[in-house]
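This is what each chain is made of:
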Amino acid sequence: MEDLPKGLASSNAPKIAERLGSISGGKVLDVATAQGKFIDILIKTLQAYDSFVGIDLCPSDESKKDMESAKKRFEGKAVQFLQMNAENLQFEDASFDTVCISSGLHHLASIARVMTEMKRVLKKGGNFILQEMYCDGEQTEAQKASELEHERAARIDSLLGITHNKTLTRQEIIGIADGLKLSEVEIFDSTHPVECLFCERKHECEDPRNQTTFQKIVKDIDDGIERIKNHVDLQTRMRLMEEGEKVKEAIAKSGASPASCLFIIGRR
Ligand SMILES: C[S@@+](CC[C@H](N)C(=O)[O-])C[C@H]1O[C@@H](n2cnc3c(N)ncnc32)[C@H](O)[C@@H]1O
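Cut-offs used in this document
Residues numbered from 1 in each chain as written. Predicted model: local features only at pLDDT ≥ 70, side-chain atom pairs only at ≥ 80, totals over all residues. Heavy atoms only, no water. Near = heavy atom within 4 Å. Polar contact = N/O pair within 3.5 Å; in protein donor to acceptor, adjacent residues only side chain to side chain. Areas by Shrake-Rupley, 256 points an atom, 1.4 Å probe, with all protein chains shown as cover. Nonpolar A, V, L, I, M, F, W, Y, C, P; charged D, E, K, R; others polar. Core = buried A, V, L, I, M, F, W, Y, C linked by side-chain atoms within 4.5 Å. Buried < 20%, exposed > 50% of the residue type's maximum accessible area, 1.4 Å probe, protein only. Helix = DSSP H or I, 4+ residues; strand = E, 2+ residues; numbered from the N terminus. Contact = heavy atoms within 4.5 Å. Salt bridge = Lys/Arg side-chain N within 4 Å of Asp/Glu carboxyl O.

Peer 1: Lay out the site of the ligand with the relevant residues and their values.
Peer 2: Neighbouring the ligand are 15 residues, the closest being Ala32, Asp56, Asn85, Ala86 and Ser102. Taking Asn85, its side chain carries an N or O atom lying 2.8 Å from a nitrogen atom of the ligand. Here a nitrogen atom of the ligand sits 2.8 Å away from a polar atom, N or O, in the main chain of Ser102. When the ligand is considered free in solution it has 600 Å² of accessible area, and contact with the protein chains removes 85% of it. Per-class residue counts for the shell around the ligand are eight nonpolar, five polar and two charged.

Shown next, in the form of structure tokens:
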């Protein structure tokens, strides 16, 4: 792998990519795929694969557009996108060799129902791959500032009727993985998600106070207030605006970095 910035190089992200490189994915299902970014990562890292299906609930007009642009982005490749509720997967039992979910758990109304469905459609001996950020443990000040912004953004989604729960704790994620009763379980704990390895901004992001990240979060905060302007009362909007300003201050002071995450691989 090319020259990585120090923080990313010392995280477990390179080990996770190496482990993915030993997996033959076969027919892969990516649940809560959004724009299919995790499919991009798997295409770059898996030893081999036959095809991908990305499914998403697409609860908003914006997410429907995201799926349409994902379809165009993967045109001509063995990648299909379907709007579908993961609580009721429209696939036969044991129809996939690999199932995965990345950054999706805290967006689900019923994690238990989705986990049962993902396991049902996975072949015996198939790979279950789960990546999810967590909110506790030894996070840097920049990671804590990002978490503040995440909580605020999650509340805005919730006001708009889109499920977006608080970030899970490390133990909650491990509990969910335990409940799957997989075999050969491997748990990687990483300060950086695996996608950082392939990000063109990875060197810039090594400094959590970089201006691009700051400007992007400021824009996200302002866009969030715009999204709720017709939906909630003035008082709620004022409170969220005040909180947005506090988050901007926290990020100006400490910078912002993605939360640490768990990457879990097991076999059904
Ligand atoms: C943060 S995004 C996932 C990001 C994506 N996996 C990636 O790696 O870039 C969370 C997604 O979960 C989806 N989602 C929430 N509930 C769902 C459900 N019941 N079935 C399918 N998708 C769901 C949301 O629509 C949203 O697109």
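What follows picks up the thread again.
Peer 1: Could you give an account of the nonpolar core, with specific residues and numbers?
Peer 2: Core analysis: the biggest nonpolar cluster contains 30 residues, and Leu29, Ile55, Phe91, Leu105, Met115 and Phe128 have the highest contact counts within it. Every element with two or more residues in this core is listed here: β1 (27–31), β2 (51–56), β4 (96–102), α5 (111–121), β5 (122–133), α7 (170–179) and β7 (261–267). Setting aside residues up to four positions removed in sequence, Phe128 forms contacts with Val99, Met115, Met118, Lys119, Leu122, Leu180, Leu182, Ile264, Ile265 and Gly266.

Peer 1: Please provide a residue-by-residue account of the pattern of salt bridges, values included.
Peer 2: The tally for this structure, following the rule as stated, stands at 20 salt bridges. Note that Glu186 is salt-bridged to Arg19, the shortest N-O span being 2.9 Å. With a gap of 167 residues between them, Glu186 in strand β6 (residues 183–190) and Arg19 in helix α2 (residues 13–20) connect regions that are remote in the sequence. Measuring nitrogen to oxygen at the nearest pair gives 2.8 Å for the salt bridge that ties Asp223 to Lys219. Linking Asp223 with Lys219, this pair stays in helix α9 (residues 211–227), spanning four residues, or about one helical turn. Here the residues in one salt-bridge network are Asp93, Glu117 and Arg120, joined through shared partners.

Peer 1: Before we move on, can you summarise the environment of Glu200 with the specific residues and values?
Peer 2: Looking at where Glu200 falls in the secondary structure, it is placed in the loop between β6 and α8 (202–205). In this structure Glu200 comes out as exposed when scored by relative accessible area, which is 79%. Along the primary structure Glu200 and Ser103 are separated by 97 residues, whereas in three dimensions their C-alpha atoms are 20 Å apart.

Interpretation note: all reported values are geometric properties and have no functional meaning in isolation.
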